[in-house]
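A structural walkthrough
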Amino acid sequence: MHKLAQITVAEVLVLLNEHNLLLESQFSSSSHRFDQIAYNSKLVTDNCLFFCKGNFKPAYLDDAQKNGATAYMSEKAYRNAAIPGFIVTNIQKAMSLVSAAFFGFPQDKLPTIAYTGTKGKTTSAYFTKAILDQTYDRRVALSSTINTVVGLTSKDVVKSNLTTPESLDLFTNMHQAVENGMSHLVMEVSSQAYKKNRVYGLHYDVGVFLNISPDHIGRNEHPTFADYLHCKEQLLVNSNICILNADGTHLTDIFYAAKTTTQPENIFIYGRASKNQETDFPVDIEYRSLADSLTENQIQITAKTEKAKALKIDGVYKIGIPGDYNEGNAVAAAITSALMGAKPTEIEYGLANTTVPGRMEIYQTKTHGTVYVDYAHNYGSLHSVLDFLKKQAPTGKVTVITGSTGDKGIDRREGLGKAIDESADQAYLTTDDPATEDPKQIAKEIADHIDTSRVATTYIPDRKTAITKAVTESQKGDLVVVAGKGHDPYQKINGKNVPYEGDAAIVKNLVKGL
Ligand SMILES: CC(=O)N[C@H]1[C@@H](OP(=O)(O)OP(=O)(O)OC[C@H]2O[C@@H](n3ccc(=O)[nH]c3=O)[C@H](O)[C@@H]2O)O[C@H](CO)[C@@H](O)[C@@H]1O[C@H](C)C(=O)N[C@@H](C)C(=O)N[C@H](CCC(=O)O)C(=O)O
Ligand SMILES: Nc1ncnc2c1ncn2[C@@H]1O[C@H](COP(=O)(O)OP(=O)(O)OP(=O)(O)O)[C@@H](O)[C@H]1O
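Residues numbered from 1 in each chain as written. Chains lettered and ligands numbered in written order. Predicted model: local features only at pLDDT ≥ 70, side-chain atom pairs only at ≥ 80, totals over all residues.

Some points on the site of ligand 2
Basically, it comes down to this: Each residue receives a C-beta atom placed from its backbone. It is near a molecule or strand if this atom lies within 6 Å of it. Only DSSP runs of H or I covering at least 4 residues are called helices, and only runs of E covering at least 2 are called strands; the numbering of each starts at the N terminus. All residues other than Ala, Val, Leu, Ile, Met, Phe, Trp, Tyr, Cys, Pro, Asp, Glu, Lys and Arg, Gly among them, are scored as polar; the first ten of these are nonpolar and the last four charged. Domain delimitation in this document rests on an assignment produced automatically or drawn from a domain database.
Of all residues adjacent to ligand 2, which total 22 residues, the nearest are Gly120, Lys121, Thr122, Thr123 and Ser381. Residue assignment for the shell around ligand 2 shows that the elements contributing at least two residues are helix 4 (121-135), helix 10 (325-339) and helix 12 (379-392). Broken down by element, the residue count for the shell around ligand 2 peaks at four residues, all from helix 12. Its residues assigned to classes, the shell around ligand 2 comprises five nonpolar, 12 polar and five charged. Counting residues domain by domain, the shell around ligand 2 receives three or more from each of domain 2 (106-353) and domain 3 (361-512).

Structure, rendered in structure tokens:
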């Protein structure tokens, strides 16, 4: 699969020993050189080192051998295998280290900006790419929840499966980006990426901690909030320069995580002017909102400390995506881009011209309400969106169409109900990605947190029908928020990705006649 890179048994052994991961080596010679690495037996070709990981079945190893694997790596020895194995204590860590080495440590040739946070990762990453694309002639690679970009042609842009890919895939992408002459990488790092060691051993030039609020806690994700926070903080421990948002919660914890490996002169704290911060950490960069509207924002950025002044980003910037919470995302992008060499004019252009698919997309009508398609799918995000819209249009009716995911993020149901209860006038509860659960039951669990005597709440199982009803029945001045799925072209139902037109596509068609 990956012809341009190679690694020998000896090199693998050195790496595993250095990191105390090796339990047993089944090799008689250490000079053998692998031409391929893979963790899916279906992708194995000649002379491949095959990683056995996760919910693994021995049949996959048989399959891998048939397809050309000449060795395997696993936490468990398969004594019947015809090929030798590296037996390790942690396959995810080992795979990440070996993948980086196999591709010649592409991170050394690709300065990387990494974003973590419960909300705003994708938006901030898109802002940053839009700015740095100006500075570096579009040569900025991207690893985001929406798209992965490793080059300049259309075949170098693919839809992502995960927010942060499996380590082997991540290093493959980074290698490809380097081969394609890309100059930088902007990436999102999820807490799961740390939990599953997908980025083990990877160091970033700049790491940004945007915010944290309870999410991703439950079966298959994080057992507790403390675990979630700990995983997210690992980004800072692995970054040369740390950027922290003073407006969020847990700043003390987050600051000390950054400080464990980063000198104070390389820690930058930004915050909204006049906001009460949790601690008295001095803010390096302050921003204030000059204008908010239903279509865009304007902010003023002011450096407060010497190190921040050196970035030369003081000024007024227009932000093309509405939502006051996007102001913080934009400031983070301005700081990281300046650290990577962007000029204020490039920052200005990037912030004004970024669009993010499914994030506060606006669809205007002539005779009905204004429709927003937004990815908000938990309390923090839906509350931010509704709170912002309610402030902007205090007289219009706010209608929300949403469901919630099944089998994960169970606490989102309460959060979505709470956010609707606080700021909406009407809600259509519908189907999101129900997985193996009953969407009606999920909707009921959302509705349990809404005072339905005040917020008119209706359950309509078919998502397109719910959107159509809400949009066509809206009146001029009303705001309709289609939340949770953005551009997703499918609904995850019972283990299958069932094709779905997509919220944005449905709304785009609907508003044509309105
Ligand atoms: C169901 C589940 O929990 N899967 C996770 C798990 O996968 P796994 O290794 O057990 O994979 P598996 O599908 O059971 O297969 C086992 C192995 O057999 C191999 N196989 C399989 C079939 C075959 O024929 N041959 C074969 O060799 C597979 O390639 C795989 O290596 O461990 C992997 C290690 O990193 C995860 O990537 C993966 O996350 C799934 C895909 C997932 O959706 N995770 C979500 C929760 C996630 O990570 N989300 C975050 C965003 C959320 C956040 O902000 O925190 C993200 O980064 O996207
Ligand atoms: N800084 C923020 N604070 C609160 N809400 C935000 C913030 N930024 C974005 N949002 C809201 O969260 C939604 C998702 O934004 P975005 O995709 O940028 O975040 P993310 O961290 O990548 O999310 P996810 O992990 O869910 O993919 C947006 O559509 C918006 O509703």
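Here's the deal with the nonpolar core
When a protein is soluble and globular, its nonpolar side chains tend to lie buried together. Threshold: What makes a nonpolar core is a set of buried Ala, Val, Leu, Ile, Met, Phe, Trp, Tyr and Cys residues, with links drawn between C-beta atoms within 7 Å. Counts of 20 or more other C-beta atoms within 10 Å of a residue's own C-beta define buried residues, counts of 12 or fewer define exposed ones, and intermediate counts define partly exposed ones; C-beta atoms are placed from the backbone. Once C-beta atoms are placed from the backbone, any two residues with those atoms within 7 Å are in contact.
Among the nonpolar cores identified, the biggest contains 151 residues, and Tyr270, Ala334, Ile335 and Val481 are the most heavily contacted of them. A per-element tally of this core places helix 10 first, with eight residues. Setting aside residues no more than four positions away along its own chain, alanine 334 makes contact with Ile301, Ile313, Tyr317, Ile347 and Leu351.

A few points about the site of ligand 1
The immediate surroundings of ligand 1 are formed by 22 residues, with Gly54, Asn55, Leu162, Ser190 and Lys196 found nearest. It is helix 6 (residues 191-195) that provides the largest number of residues to the shell around ligand 1, a total of three residues. Of the residues that constitute the shell around ligand 1, the class distribution is five nonpolar, 11 polar and six charged. Each of domain 1 (7-102) and domain 2 (106-353) contributes no fewer than three residues to the shell around ligand 1.

Re the UniProt feature "domain: Mur ligase C-terminal" (unreviewed entry) in the protein
For the record, the criterion: UniProt positions are given in the numbering used here, feature names are shortened, and annotations may be inferred rather than shown by experiment.
Using the residue numbers shown here, the UniProt feature "domain: Mur ligase C-terminal" (unreviewed entry) corresponds to residues 358-486. Each end of residues 358-486 is marked by a C-alpha atom, and these two atoms are 4 Å apart; helix forms 36% of the span and strand 20%.

Examining the domain arrangement of the protein
In terms of domain boundaries, the protein breaks down into domain 1 (7-102), domain 2 (106-353) and domain 3 (361-512). Here domain 2 and domain 3 have C-alpha centroids that lie 27 Å from each other. Counting from both sides, the interface comprises 17 residues of domain 2 and, opposite them, 14 residues of domain 3.

A word on the sheet that holds strand 13 (residues 204-209)
This is how the line gets drawn: Two strands qualify as a pair provided DSSP detects at least 2 bridges between them. Angles shown run from 0 to 180 degrees and are taken between the N-to-C directions of axes, each axis being a line fitted to C-alpha atoms and, for helices, limited to the stretch in contact.
Strand order across the open sheet formed by 11 strands is 11-10-9-12-8-13-14-15-16-17-18, with mixed pairing between neighbours. The strands lining the two open edges of the sheet, one partner per strand, are strand 11 (157-159) and strand 18 (315-319). Within this sheet the neighbouring strands show an average axis-to-axis angle of 20 degrees, counted without direction. Pairing between strand 17 (residues 297-303) and strand 18: five bridges, direction antiparallel. Within strand 18, the residue paired with isoleucine 299 across the bridge is tyrosine 317.

Concerning the sheet that holds strand 20 (residues 370-374)
Ordered in space as 19-20-24-21-22-23, the six strands form an open sheet in which the pairing is mixed. Two strands bound the open sheet, and with one partner strand each, they are strand 19 (361-363) and strand 23 (456-459). Along the sheet, successive strands turn relative to each other by an average axial angle of 15 degrees, direction set aside. Of the pairings in the sheet, the one linking strand 22 (residues 426-429) to strand 23 comprises four bridges and is parallel in character. Bridge pairing in strand 23 links leucine 429 to tyrosine 459. Across the sheet, helix 12 lies against strand 20, strand 21 (398-402) and strand 24 (479-483), angled at about 170 degrees from strand 24, the strand it touches most.

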